[in-house]
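Structural overview
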Amino acid sequence: MDMPFPSGLSPETMVQEGRVHRAAYVDPAIFELEMQRIFGRAWLYLCHESQVAEPGRFFTTQMGREPVIVVRARDGALHVVFNRCTHRGAKLAIDEQGAVKRFVCCYHGWAFELDGRLAEVPLPEGYGAASYPPADGSLDLVRVPRVRNYRGFIFASLAAEGPGLEEWLGPVITSFDDMVDRAPGGVLEVAGGVSRHAYDGNWKLVIENHNDTLHPRFVHASSVAAARDQKDSVHSDGAGEVQIKQMRQNGAPAHVWEGLGIWASHHGHSFMGDYHTDANMAARAEEDPVQKAYRTALEETHGPERTREILAVQRFNTVVYPNLSFMSRFRQLRVVQPVGVNRTVVVTYTFRMPKAPPEMFRDSIAFANVVNGVGSLVLTDDLETYARVQDGLTSQGGDWVDVRRGMGGDANEANGSLRGQTGTSEIHLRSQFAAWRRWMAA
Amino acid sequence: MSAVLERPAVADPALVALVVREAALLDAWALEEWLSLYAPVCAYWVPTEWDQADPHATVSHIYDDRRLLETRVRRFKHAMFHAQKPPSRTIRLCTNFRAGPMPGSVVCSYEVAEFRNQKHRRYVGRAHYQVDAAGLITQKRFDLIDCDAVQDGISIIL
């Protein structure tokens, strides 16, 4: 290890059996190395294909801290290029999304095709004897080497080599299947705007929390209690009803959380079972006419037997390490964007099922507001907790974070994952840090 | 909004007084009394998009109907409302009042200054109030100028 770490530890020694050194969260040098070795190499989720549906449509995002453009070319192929003009470096695409014929730089008018090729340079004779644009492609936009679309979910990797996306996803690939299969006709689209929240803490804290099933009774105690005491006779236009149901469900008794199941896999990914019983679903109950119409639409796609199987899947959060967390059953997706060692942005999206009853999308918007809204009665306490953890970890009053809950009880499953001893096992954290250690070692 | 700018209509003084009272009650943390200013069917809305048309088709930072608004107020009494520990201190400025586009509506420029946990934060925007015949608020809408920006958690009532 060439890089000196203030902690005096190498990343390999920061992850030990059942514990992780606090430097992994607070050391700026470690954060820089994470950007190179994890975000610079792993498959990162970028966007859904509905956000770049037609030729010319583009979407801008970040891979770690690298600004990139996802764009659909005229031939329908998807490209991911660095959002940087190859002339003097200006950012090319400014809007978060849009449609263009070409990307034209604001500075000296260099124009790039949708596939990244440099198409035209104004007053080319001024650049010397060589013909412009050069035929060898040396001034084309820099392409992100690997791009892969799994059932509409677009991933890319900044490394030219590494495991394929499907292999890398492993058992959590079934969560993408769950999300798509639950949509009648297999059609999903990002809709309903975007919500972005930030917190003063390391990027790992949010990724660790989404499958932490022990925290709701403590972190969310205030919203659980306030929702339980709420009279249902008071007027709701539906939005409050969905949110209050979700808050109450966070107060599920310990045996529900212990019994729901948590699974982790080799590359740090994990998913948890769903703690929404049919009677208390945050969306709508079984006997609801909207649910009946939904089931009918699903049966038209899959037939009754397969529909039963699809609806029997009970899954809440799925974490794809390092930058994605999504809820296949409730069609919510969060993308983690590290800003600095103690600052993180999370960009959140909701999906619409165009062939399902429209009331379900209305419910999804209300659900998004409670799980991802910055003024949510739930999320606010998560964000406060992340900041307190970050604060605490800067202290020298203890160097180790304990991740032993459920250790020793992990069980091999047929699908290649490990199942936690109980639903509140910290198996997902041990899996994440095992992956972290491998990425960071070399 | 452009019609408002072309012919700025003078705001109903009773509505201006209501908005000032609403702001004062929030700053004083008199939340039960504050809630009594709202109608049995009402909404408190902080959109994520400037001129957002529909709270049910697009996500919001906050969209509370009456049932959720009561839950929001009740939560402040709970000892484990972590994001309000320590509690916020707020001061509101509401100014540039003009009549809204509908009868019983008023629009103003609105700022909430919040101090909590050694941090000072400002929320600036356009507030829009709709009031019913009984003088109760049926909708408060607060359009933040940075509604579509990354936001930290908002644990106070704006």
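Bear in mind the structure is a predicted one, so any value in this text is a computation, not a measurement.

**A short note on the overall build of chain B**
The helix and strand tally for chain B stands at 4 helices and 7 strands. Going residue by residue from the N terminus, the α and β elements of chain B occur as α-α-α-β-β-α-β-β-β-β-β. Computed over the C-alpha atoms, the radius of gyration of chain B is 15 Å, within 12% of the 15 Å expected from 2.2 N^0.38 for a compact globule of 158 residues. Expressed as lengths along the three principal axes of its C-alpha atoms, the size of chain B is roughly 45 × 35 × 30 Å.

**Focus: the nonpolar core**
The biggest cluster of nonpolar side chains holds 146 residues, and the ones touching the most others in it are L44(A), Y45(A), L46(A), V70(A), F155(A) and L158(B). With sequence-adjacent residues up to four places away left out, L46(A) is seen in contact with T61(A), V70(A), V80(A), I154(A), F155(A) and A156(A).

**Re the packing of helix α11 (residues 289-302) of chain A against helix α12 (residues 304-312) of chain A**
All names here are of chain A. Taken N-terminus to C-terminus, the directions of α11 and α12 make an angle of 120°; their axes are 7 Å apart at the nearest point. The angle between α11 and α12 falls in the class oblique. In this structure, α11 meets α12 at a crossing whose hand is right-handed. Contacts from R295, L298, E299 and H302 in α11 reach P304, R306, T307 and I310 in α12. Counted by class, the contact of α11 with α12 contains 3 nonpolar, 2 polar and 3 charged residues.

**Brief notes about unusual backbone geometry**
Between Y321(A) and P322(A) the backbone carries a cis peptide bond, its omega angle lying at 10°. For P322(A), the location among the structural elements is in the loop between β16 (315-320) and β17 (324-327). Residues K85(B) and P86(B) are joined by a peptide bond in cis, for which omega reads 0°. The phi dihedral of L123(A) is positive, around 50°, even though this residue is not glycine.

**A word on the packing of helix α9 (residues 239-249) of chain A against helix α4 (residues 66-75) of chain B**
Close contact between α9(A) and α4(B) brings their axes to 7 Å; oriented N to C, the two are set at 40°. One element, α9(A), and the other, α4(B), form an angle in the oblique class. Contact residues: A239(A), G240(A), E241(A), Q243(A) and I244(A) in α9(A); R67(B), L68(B) and T71(B) in α4(B). Residues that form the contact of α9(A) with α4(B) fall into these classes: 3 nonpolar, 3 polar and 2 charged.

**Observations regarding the interface of chain B and chain A**
Contacts between chain B and chain A engage 35 residues on the former and 41 residues on the latter. If you list the elements that add at least two residues to the side of chain B that touches chain A, you get β1 (38-47), β2 (60-65), α4 and β7 (151-152) of chain B. In terms of residue count, α4(B) provides more of the side of chain B that touches chain A than any other element does, 8 residues in total. Taken together, the residues of the side of chain B that touches chain A break down into 14 nonpolar, 11 polar and 10 charged. Across 2 bridges, strand β13 (residues 189-199) of chain A lies against β7(B) in parallel orientation. Bridge pairing links H197(A) to Q151(B) in β7(B).

**Section: the environment of Y45(A)**
All names here are of chain A. Along the polypeptide, Y45 turns up in strand β3 (residues 44-48). Since 22 C-beta atoms lie within 10 Å of it, Y45 is described here as buried. Taking the C-alpha atoms as reference, Y45 lies 23 Å from I427; in sequence the two are 382 residues apart. Setting aside chain neighbours within four positions, we find Y45 in contact with F153, F155, V320, N323, L324 and V335.

**Thoughts on the pairing of β16(A)**
All names here are of chain A. In terms of residue burial, β16 counts as a mostly covered element, since 6 of its 6 residues are buried. Of the pairings in the sheet, the one linking β16 to β17 comprises 4 bridges and is antiparallel in character. Among the inter-strand pairings, T318 is bridged to a residue of β17, identified as F326. Linking β16 to β17, which pair antiparallel, is a turn of 3 residues.

**Examining the sheet that holds β7(B)**
Remark on secondary structure: sheet strands pair via backbone hydrogen bonds, oriented parallel or antiparallel. If you walk across this open sheet you meet the 10 strands as β21(A)-β22(A)-β14(A)-β15(A)-β16(A)-β17(A)-β18(A)-β19(A)-β13(A)-β7(B), and the pairing is mixed. Whereas interior strands pair on both sides, the edge strands pair on one side only; in this sheet they are β21 (411-412) of chain A together with β7 of chain B. Here helix α14 (residues 379-393) of chain A sits on the sheet and contacts β13 of chain A together with β7 of chain B; the angle it forms with β13(A), its principal contact strand, is near 40°.

**Focus: the pairing of β1(B)**
Residues and elements named next belong to chain B. Of all 10 residues that make up β1, 7 are buried, and the element is covered over most of its length. The pairing of β1 with β2 spans 5 bridges and is antiparallel. Looking at the pairing, P47 lines up with S60 of β2.

**Side note on the sheet that holds strand β4 (residues 57-63) of chain A**
Residues and elements named next belong to chain A. What the 4 strands build is an open sheet, ordered β6-β5-β4-β7; its pairing is antiparallel. The open sheet terminates on both sides in strands that have one partner only, identified here as β6 (78-82) and β7 (97-99). Here the strands of the sheet are splayed against their neighbours by 25° on average, with no regard to which way each runs. Where β4 and strand β5 (residues 66-72) come together, 6 bridges link them in antiparallel fashion. Each residue of the ladder has a partner; that of T61, found in β5, is V68.

**Comments concerning helix α2 (residues 13-27) of chain B**
Residue and element names in this part refer to chain B. For α2, which comprises 15 residues, the first-to-last C-alpha distance of 21 Å matches the rise-based estimate of 21 Å (1.5 Å per residue) to within 8%. Buried within α2 are the following residues: L15, V19 and A23. One side of α2 carries all its buried residues, which in axial view fall inside an arc of 80°. Relative to its buried face, α2 has exposed residues pointing more than 90 degrees away, namely P13, A14 and A17.

**Regarding the environment of R438(A)**
Residues and elements named next belong to chain A. Among the structural elements, R438 can be located in helix α15 (residues 427-441). For R438, a count of 17 C-beta atoms within 10 Å corresponds to the partly exposed category. Placed 427 residues apart in sequence, R438 and P11 show a C-alpha to C-alpha distance of 9.3 Å.

Quick notes on the rules
Residues numbered from 1 in each chain as written. Chains lettered and ligands numbered in written order. Predicted model: local features only at pLDDT ≥ 70, side-chain atom pairs only at ≥ 80, totals over all residues. Helix = DSSP H or I, 4+ residues; strand = E, 2+ residues; numbered from the N terminus. Rg over C-alpha atoms; globule rule 2.2 N^0.38 Å. Core = buried A, V, L, I, M, F, W, Y, C linked by C-beta atoms within 7 Å. Buried ≥ 20, exposed ≤ 12 C-beta atoms within 10 Å, placed from the backbone. Contact = placed C-beta atoms within 7 Å. Axes fitted to C-alpha atoms, helices over the stretch in contact; angles between N-to-C directions. Parallel < 35°, antiparallel > 145°, perpendicular 65-115°, else oblique. Left-handed = near helix turned anticlockwise from the far one by under 90°. Nonpolar A, V, L, I, M, F, W, Y, C, P; charged D, E, K, R; others polar. Pairing = 2+ DSSP bridges. Expected span 1.5 Å × (residues − 1). Arc of directions from axis to C-beta.

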